[in-house]
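# Descriptive structure summary
Residue strings, one per chain:
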Amino acid sequence: LVESTNRADKCAVRDRVCALTNLFALCASGENKSNESICQCLIGLDELMTIVSNAGICAGLRQPFVLFIINGYLNNLTKEAATEIEKFVSTMMSIG
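Everything in this summary refers to the structure shown in the same document.

Calculation rules
Residues numbered from 1 in each chain as written. Predicted model: local features only at pLDDT ≥ 70, side-chain atom pairs only at ≥ 80, totals over all residues. Heavy atoms only, no water. Helix = DSSP H or I, 4+ residues; strand = E, 2+ residues; numbered from the N terminus. Buried < 20%, exposed > 50% of the residue type's maximum accessible area, 1.4 Å probe, protein only. Contact = heavy atoms within 4.5 Å. Areas by Shrake-Rupley, 256 points an atom, 1.4 Å probe, with all protein chains shown as cover. Arc of directions from axis to C-beta. Patch = residues over 30% accessible without salt bridge, like charges linked within 9 Å, V, L, I, M, F, W, Y side chains within 5 Å. Salt bridge = Lys/Arg side-chain N within 4 Å of Asp/Glu carboxyl O. Core = buried A, V, L, I, M, F, W, Y, C linked by side-chain atoms within 4.5 Å.

In terms of helices and strands, the chain carries five helices and zero strands. In sequence order, the chain lays out its α and β elements as α-α-α-α-α. Residue burial in the chain is summarised as follows: out of 96 residues, 27% are buried. For the chain, restricting intrachain contacts to residue pairs at least 6 apart in sequence, the fraction spanning at least 24 positions comes to 65%. With an accessible surface of roughly 6100 Å², the chain has 60% of that area assigned to carbon and sulfur atoms.

Taken as a whole, helix α3 (residues 45-52) has its buried residues at Leu48, Met49, Ile51 and Val52. Projection of α3 onto a plane perpendicular to its axis shows the buried side chains occupying an angular sector of 160 degrees, all on one side. Away from the buried face of α3 by more than 90 degrees, exposed residues Asp46 and Thr50 are located.

Here we take up a nonpolar patch on the surface. A cluster of nonpolar side chains, namely Leu20, Leu23, Phe24, Ile38 and Leu42, defines an oily patch on the protein surface of about 430 Å² accessible area. At three residues, the largest contribution of residues to the nonpolar patch is made by helix α1 (residues 2-27). Structurally, Ile38 can be placed in helix α2 (residues 33-42).

All right, on to the nonpolar core then. Counting residues in hydrophobic clusters, the biggest one holds 19 residues, and the most contacted among them are Leu48, Val52, Phe65, Phe68, Ile69 and Ile85. Contributions of two or more residues to this core are made by α1, α3, α4 (59-72) and α5 (79-94).

This is the structure in structure tokens:
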């Protein structure tokens, strides 16, 4: 029973993190530089790339983090850098 409770707690935390990440990603969409800056302070690009490149995470759980990368980071990059990251993210989304 204790083990199943811990598993339920971990799932609840995971779901909250995904929901909050999705919320922040949606807030950073568009041309709001302030929200993009806040998002970049919350989760670093290296941490996001680690999450989306983890083969153990299903595509559905990766989606909020990919959206976060796109809205929080790609909107500020040069076209060449954004294209390279988009290719990487697209490859990671196809895994799983």
